Number of protein chains: 2
Amino acid sequence: MTTNGRAPQRGTRRTQNASMADVARVAGVSSQTVSRVSNGFPGVNEETRDRVLAAMKDLGYRPNSAARALKRGDFRTIGVITFTLSTTGNMRTLEAIATSAAQEGYAVTLLPVAVPTQDEVRGAFSRLGELAVDAVIVIMEVHLLDSASLTLPPHVKVVVADSDAGDRYAVVDTDQAGGTRDAVRHLLDLGHRTVWHLAGPSESFAAQRRTDAWRTALESAGRAVPPPVRGDWSAESGYRAGLRLAEQADCTAVFAANDQMALGLLRALDERGRRVPEDVSVIGFDDIPDSGSFLPPLTTVHQDFAEVGRRCVESALRQVRESEAERGTTLVPTRLVVRESTGRAPRGPGGGSFRP
Amino acid sequence: MTTNGRAPQRGTRRTQNASMADVARVAGVSSQTVSRVSNGFPGVNEETRDRVLAAMKDLGYRPNSAARALKRGDFRTIGVITFTLSTTGNMRTLEAIATSAAQEGYAVTLLPVAVPTQDEVRGAFSRLGELAVDAVIVIMEVHLLDSASLTLPPHVKVVVADSDAGDRYAVVDTDQAGGTRDAVRHLLDLGHRTVWHLAGPSESFAAQRRTDAWRTALESAGRAVPPPVRGDWSAESGYRAGLRLAEQADCTAVFAANDQMALGLLRALDERGRRVPEDVSVIGFDDIPDSGSFLPPLTTVHQDFAEVGRRCVESALRQVRESEAERGTTLVPTRLVVRESTGRAPRGPGGGSFRP
DNA sequence: GGCTGCTATGTTTACGTAAACATTCGGTGG
DNA sequence: CCACCGAATGTTTACGTAAACATAGCAGCC
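Quick caveat, the model's predicted, so the values are computed rather than measured.

1. Re the protein's contact with DNA strand C
As a structural note, the neighbourhood of DNA strand C is formed by 23 residues, with Met20, Gln32 and Tyr61 of chain A together with Asn45 and Thr48 of chain B the closest of them. By atom count, sugar and phosphate contribute 56% of the portion of DNA strand C lying within 4 Å of the protein. At the level of secondary structure, the elements contributing two or more residues to the surface near DNA strand C comprise α2 (31-38) and α4 (65-72) of chain A together with α2 (31-38) and α4 (65-72) of chain B. Among the residues forming the surface near DNA strand C, the class breakdown is 8 nonpolar, 11 polar and 4 charged.

2. Points about the relation of the copies chain A and chain B
Note on the identical chains: chain A maps onto chain B by a rotation of 180° and an axial translation of 0.1 Å, with an RMSD of 0.2 Å. Such a turn and shift between the copies fits a two-fold axis. Rotation axis and chain A: the residue whose C-alpha lies nearest the axis is Thr109 of chain A, separated from it by 2.1 Å.

3. What about the protein's contact with DNA strand D?
Residues in contact with DNA strand D amount to 23 residues; listed here are only the nearest, Asn45 and Thr48 of chain A together with Met20, Gln32 and Tyr61 of chain B. A breakdown of the atoms of DNA strand D within 4 Å of the protein gives sugar and phosphate a share of 55%. The contact in question runs from a phosphate oxygen of DNA strand D to an N or O atom on the backbone of Ser30 of chain A, over 2.8 Å. With respect to DNA strand D, the side chain of Ser35 of chain B contributes an N or O atom lying 3.4 Å from a phosphate oxygen. Elements that contribute at least two residues to the surface near DNA strand D include exactly α2 and α4 of chain A together with α2 and α4 of chain B. For the surface near DNA strand D, a count of residues per class yields 8 nonpolar, 11 polar and 4 charged.

4. Overview of the side chain of Asp290 of chain A
One can find Asp290 of chain A in the loop between β9 (281-286) and β10 (299-302). Comment: no salt bridge for buried Asp290 of chain A; closest opposite-charge side chain is Arg92 of chain A, at 9.0 Å. If we skip the residues at most four places from it in the chain, Asp290 of chain A touches Ala235, Gln260, Leu263 and Ile288 of chain B.

5. Comments concerning the pairing of strand β1 (residues 77-82) of chain B
Residues and elements named next belong to chain B. Along β1, 6 of the 6 residues are buried, which leaves the element largely enclosed by surrounding structure. Burial along β1 is two-sided: Thr77, Gly79 and Ile81 and Ile78, Val80 and Thr82, pointing in opposite directions, are all buried. Sheet analysis places β1 next to strand β2 (residues 107-112), joined by 6 bridges and oriented parallel. If you follow Val80 over to β2, its bridge partner there is Leu110. This β-α-β element, β1 to helix α5 (residues 88-103) to β2, shows right-handed connectivity. Looking at chain direction, β1 and strand β3 (residues 135-139) are connected through 5 bridges and run parallel.

6. Observations concerning empty space enclosed by the protein
Enumeration according to the criterion identifies 2 cavities of 30 Å³ or more in this entry. Looking at the largest cavity, its volume works out to about 50 Å³. Lining of the largest cavity is provided by Leu263, Leu266, Phe294 and Leu295 of chain A together with Leu263, Leu266, Phe294 and Leu295 of chain B. Broken down by secondary-structure element, the contributors of at least two residues to the lining of the largest cavity are α10 (259-271) of chain A together with α10 (259-271) of chain B. In terms of residue class, the lining of the largest cavity is made up of 8 nonpolar, no polar and no charged. Put simply, the second largest cavity is a space of about 40 Å³.

7. Quick word on the interface of chain A and chain B
Contacts between chain A and chain B engage 50 residues on the former and 51 residues on the latter. Counting each side, the surface lost to burial between chain A and chain B is near 4300 Å², with a carbon and sulfur contribution of 61%. Looking only at chain A, the three residues that lose the most surface to chain B are Arg62, Arg267 and Leu295 of chain A, adding up to 15% of its buried area. The interface formed by chain A and chain B holds 0 salt bridges in total. Secondary structure elements with two or more residues in the side of chain A that touches chain B: α4, α5 (88-103), β2 (107-112), α6 (118-129), α9 (235-245) and α10 of chain A. Here the side of chain A that touches chain B is composed, by residue class, of 25 nonpolar, 17 polar and 8 charged. Alignment of β2 of chain A against β2 of chain B, held across 3 bridges, turns out to be antiparallel.

8. Focus on the sheet that holds strand β6 (residues 196-199) of chain A
All names here are of chain A. Strand order across the open sheet formed by 6 strands is β7-β6-β8-β9-β10-β12, with mixed pairing between neighbours. In the strand order of this sheet, the two ends are held by β7 (229-230) and β12 (335-337), each with one partner. Relative to β12, β10 runs antiparallel, the two sharing 3 bridges. Across the sheet, Thr300 pairs through a bridge with Val337, a residue of β12. On top of the sheet, α10 reaches β6, β8 (253-256), β9 and β10; it is set at about 160° to β9, its chief contact.

9. Considering the packing of α5 of chain B against helix α11 (residues 305-322) of chain B
All names here are of chain B. Between α5 and α11, the shortest axis-to-axis distance is 7 Å and the interhelical angle comes to 45°. It follows from the interaxial angle that α5 and α11 lie oblique. Between α5 and α11 the crossing geometry is right-handed. The segment α5 lies against α11, with Gly89, Arg92, Thr93, Ala96, Ile97, Ser100 and Ala101 engaging Phe305, Ala306, Val308, Gly309, Arg310 and Val313. The residue inventory of the contact of α5 with α11, partitioned by class, reads 7 nonpolar, 4 polar and 2 charged.

Calculation criteria
- Residues numbered from 1 in each chain as written.
- Chains lettered and ligands numbered in written order.
- Predicted model: local features only at pLDDT ≥ 70, side-chain atom pairs only at ≥ 80, totals over all residues.
- Heavy atoms only, no water.
- Near = heavy atom within 4 Å.
- Helix = DSSP H or I, 4+ residues; strand = E, 2+ residues; numbered from the N terminus.
- Nonpolar A, V, L, I, M, F, W, Y, C, P; charged D, E, K, R; others polar.
- Least-squares fit on C-alpha atoms with pLDDT ≥ 70 in both.
- Polar contact = N/O pair within 3.5 Å; in protein donor to acceptor, adjacent residues only side chain to side chain.
- Buried < 20%, exposed > 50% of the residue type's maximum accessible area, 1.4 Å probe, protein only.
- Lys, Arg positive; Asp, Glu negative; His and termini not counted.
- Salt bridge = Lys/Arg side-chain N within 4 Å of Asp/Glu carboxyl O.
- Contact = heavy atoms within 4.5 Å.
- Pairing = 2+ DSSP bridges.
- Right-handed = clockwise from strand over helix to strand, strands pointing away.
- 1 Å grid on protein atoms, 1.4 Å probe; cavity = no way out; pocket = protein on both sides within 12 Å on 5 of 7 lines; lining within 4 Å.
- Points joined across faces, edges and corners; volume = space filled by probe spheres on them.
- Buried area = accessible area lost by both parts, 1.4 Å probe.
- Axes fitted to C-alpha atoms, helices over the stretch in contact; angles between N-to-C directions.
- Parallel < 35°, antiparallel > 145°, perpendicular 65-115°, else oblique.
- Left-handed = near helix turned anticlockwise from the far one by under 90°.

Dropping the structure here:
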C-alpha cells in the first residue's frame, strides 16, 4: 500500500494523531464544524459534512478521548475493583460487566488489589481517586471495605457486587439464601435426615450467608444441625474437609458452599470408598461450567453471574446519569440444577445407626 | 439545583472536584507550585510544600487524569482486547496483566469482543482507536486478526498473547511445542506404544500447535500417529470425545489439549469402565487449579499464565517508552506436573510388537 | 558594589475538544 | 424595501494540567 512511502504530499509525517484543527485545515472549515460532524450534530451542510469526513479519513483522525473527557467532565469509564479474578464467579461477573458497559459506550478499567488487606483496598480506592472513572463496581468481601470507603472521592458512584453494604451503597447480589434453601430442601426431600455443610472461608460474606441460610433451613425443618466443616473455596480444601466428613458415618448429604470444594469432596469420598450418590449425596453452589462433568455430574445451585454483572452496570450508569447515589440491595435469583450427585438417602439408618 | 444559585461561602458546593487553582488559592501559591508538589518535584520550600499538601487534603484534591493525559499526550493505560474471559488461561493472563500494569502505574482497560467474527474484532479495534490507550494486548486466536489489524491507529503499540503473529507484532506465547513434547515423552517413557490426542478446536492456534507438536513428537519417536479426536475446550466436549476414545481397545494413553477436556475424558472413561491410570493414562494441558482434585488427580502440563501476562506488559511498556514497535516471539516455558492419571502401560498385547 | 549564579516561586501558554456566542447570507413578510 | 429569521459556519473561551519561560531574592565573589 502507498501509505507513506516517502511522505509525498503534505504533512504525511503523522507521528502523532491528527487533531480537529488538522482536519479543519484540510477540509477548509473551522474546527468547530469538524466537532459538529464528529458528534453527529444536525445543521451541517451535506456537502461540507462529506468534505470533513473525507478529511478525517484521509488523516486517520480519531477524537482524543482525554480532551473530550476534560471538556465534558466525565470519562465514560467504569472501574472494577476486585481482589482476585481467579474465581469463576468474579470472572464471569467481570465479563458481563465489560460487555454491558461496552454496549452503553462505557469502557471498563480494572483495578486489581493484590492482597486483601484493608490497606491494599484503601490504596486501590485512593489510586482510583486519580483514575479516570465515573463509577466503581466493587467485587469483594465487604468488610474489607468498611473503613476504606471514606477515601472515595465524593462524586464517584459505587456499586457493590455479591456483598452486603446495602445501607451504604447499591448492592447487587445473588440470592444466596434462596439458593441455599433450595439446596437443603432438595436433600431433605430426598429423605436425608439432615444435611452437613462444607462451608467457605469465614471472611467471606457470601460464605457466611450460605452457612446462615443452611442453618436456618435445617432448623425450620426441625432437623439437627451438624457442625459445619470449613474450607477456603479451593478444591484442595474441599478434599481435606471431605476426608473428615467421610468419617462421619451418619453423614449422607453434604451441601458444599461452592462447586470447587464439592469437587474435592467428591475425590475424598471416592478415596474413602463412599459412593456418590448411593452412600452420600453432594450438592454444590455456582454451577461452574465443568460441574456437569464431575464424577458424578454435580447437582448444584446455578448462579447467574452474567445477570449480576448486567445489573451492576445498570445501577452504576443510572447513578452516573442521575448523579445521585443509590442504596439498597438487588437480588438475582438462583436455580437448582439437579444432576447425578444427589439421590435418595440410603436405607440403613432409617431407623438406627449405620456404619460402613 | 443549588449548583451556583447563591454559593454560600466560597465554593463549598464542591459538586465537582477541586482543581489545582482551588488548591493554589487556598494555599496562597500559584497553581504551578501546586503542580510541582503534586508531581513531587524538587525545589519547593519545605514549608510551602506543607501548606500545599494541607490545602490538598483540605479540599480533597485529586489530580484530573483527563487533563493530565491531555497535557502529557499519553494515557498511562493499556487496553486488553479479548474474545472471552471464560477460560482459565485468558483469565489468569488478564489478572497478571492487570497486576503488572498496576505496578508500573498503568491502568488496564478491557475491550470485550462479543462474537469472534472479523467484523466484531475490527469493530473492537476501531472503538479502541478512540479509546484512551497507549498500547493493546490482544488475547485471541490470531487469524481473526489478520485483516482487522489495519484499522489500528498507527501509534498504538500491540502485543499478542498466545498466538503467532510474530512477524507483524510482538508475541508472547507459551511454549506449546515444548510442553506437548514433554507430555508425549512422559507417556512414551511409561511404555505406551503411542499416544492418542484429544485436540482443541481447529480455529485455535494454540490447539493447532499442540496437535502439530504431538504429531511431530510421535513421528520422531517412530510411533504410529492415531487420528486425533476433536473437542472445543469444554469438559462436555471432552466427555463426548472420550466416549469414542474409550472404544479404541488399543488406546492406552491420551494427551488432552486442555485440562477441562481431560476432565470430561476422565468421566467418559470411568463410565465405560476403563480405569485411569491402570488401563488408560491421561495427561492434560494448563494445570488449572482444580486439576489436582480430579479423579484421579491429573498429570498435566503447567502453563505459567502469570509470566505470560507479565511479559506482555513488559513488552507493551517497552514499546510505549521507546516508541518503537517490537516484533518476534517470546516463549514462556512450561513444566510437566506428574500426578496420578498417568502410569505404566498395561501389560496386554503390547509386550513388544509395535508398528511404526 | 555590581555582577553571577542559584533557589523558590510566578506567569504564560498549549494540549484537543465543545459549549456559548458571533457572524454571514439568502430569503420572507409587512 | 427593510427588518427579521433561520440555516450554516466561524470565533472565543474554558476545561485542568504542566512545560517553558520569567522574575524575585539572596549569597558569593572579584
